[in-house]
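Geometric and topological summary
As a plain string of letters, each chain reads:
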Amino acid sequence: DGLLLLDERPEAAPDVEKLVLGLYDGPCLIGVMDLLKDYPAAGVWQLGLMLIEPERRRSGIGASLLGALEDWIAGQGGRSLRLGVVEQNAAGHRFWAREGFRDIGTVEQDLGPFRRTVLRMERALPI
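Presented here is a report on the structure given in the accompanying data block. All figures in this text were calculated on a predicted structure; none of them were measured in a lab.

1. What to know about the overall build of the protein
- Helix and strand content of the protein: three helices and six strands.
- What you see in the protein, going N to C, is helices and strands ordered as α-β-β-β-α-β-α-β-β.
- Taking 14 Å as the expected radius of gyration for a compact globule of 127 residues, we find that the protein reaches 15 Å, a close match to that expectation.
- Over its C-alpha atoms, taken along the principal directions, the protein stretches across nearly 40 × 35 × 30 Å.
- In the protein, which comprises 127 residues, the share counted as buried stands at 34%.
- Accessible surface for the protein amounts to roughly 7900 Å². Of this, 52% is attributable to carbon and sulfur atoms.
- Here the protein holds 15 positive side-chain charges and 19 negative ones, and the gap between their average locations is 5 Å.

What follows is the structure, encoded as structure tokens:
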């Protein structure tokens, strides 16, 4: 799964820049982020995954990491950050809403034997 993360992207995004960033505490990997630059449009970045080691969650590290990420993306010319939250992940949706993301729609994902609804969210970045 880790190797797939390095190259996996939506079929509609074969030529966009993909970044996978690691978060370290000394030599230990404690988190990872998966981003697409300029997807689905120029200046829009898509956060596919922000995963933090379970023992370090609810400590403020996610909000701090998001703030640093948004500053960095804005410095790269990014105007907004988008993401998707699986509808059943109420805690995740609350986190992103607290961080200023707003709902912009839904999309149905067909995962073979089952389907799921993904809530799409977006936040404008500081200029």
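2. Let's talk about the environment of L81
- In this fold, L81 is placed in strand β4 (residues 80-86).
- L81 sits in the buried class, given a relative accessible area of 0%.
- Spatially, the C-alpha atoms of L81 and R56 are 23 Å apart, while their sequence positions differ by 25 residues.
- If we skip the residues at most four places from it in the chain, L81 touches L35, W45, L47, L66, L69, E70, I73, F101, M121, E122, R123 and L125.

3. With respect to the pattern of salt bridges
- All told, the structure shown has six salt bridges when counted by the stated rule.
- A salt bridge links D25 to R56, with the nearest nitrogen and oxygen atoms 3.0 Å apart. Of this pair, D25 sits in strand β1 (residues 17-25) while R56 is found in the loop between β3 (44-52) and α2 (61-75), placing the two residues 31 residues apart along the sequence.
- Overlapping salt bridges, with partners in common, bring together D25, E53 and R56 in one network.

4. Here's the deal with unusual backbone geometry
- The step from Y39 to P40 runs through a cis peptide bond, and the omega angle for that step is 10 degrees.
- With respect to the helices, strands and loops of the structure, P40 is situated in the loop between β2 (28-37) and β3.
- Even without being a glycine, D38 presents a positive backbone phi close to 60 degrees.
- The topology assignment puts D38 in the loop between β2 and β3.
- A residue is classified by how much of its surface remains accessible, and D38, at 32% relative accessible area, is partly exposed.
- Non-glycine residue R58 carries a positive phi angle of around 65 degrees.
- Following the sequence through the fold, R58 ends up in the loop between β3 and α2.
- On the accessibility criterion, R58 (81% relative accessible area) is exposed.

Definitions and limits used
Residues numbered from 1 in each chain as written. Predicted model: local features only at pLDDT ≥ 70, side-chain atom pairs only at ≥ 80, totals over all residues. Heavy atoms only, no water. Helix = DSSP H or I, 4+ residues; strand = E, 2+ residues; numbered from the N terminus. Rg over C-alpha atoms; globule rule 2.2 N^0.38 Å. Buried < 20%, exposed > 50% of the residue type's maximum accessible area, 1.4 Å probe, protein only. Areas by Shrake-Rupley, 256 points an atom, 1.4 Å probe, with all protein chains shown as cover. Lys, Arg positive; Asp, Glu negative; His and termini not counted. Charge placed at Lys NZ, Arg CZ, Asp CG, Glu CD. Contact = heavy atoms within 4.5 Å. Salt bridge = Lys/Arg side-chain N within 4 Å of Asp/Glu carboxyl O.

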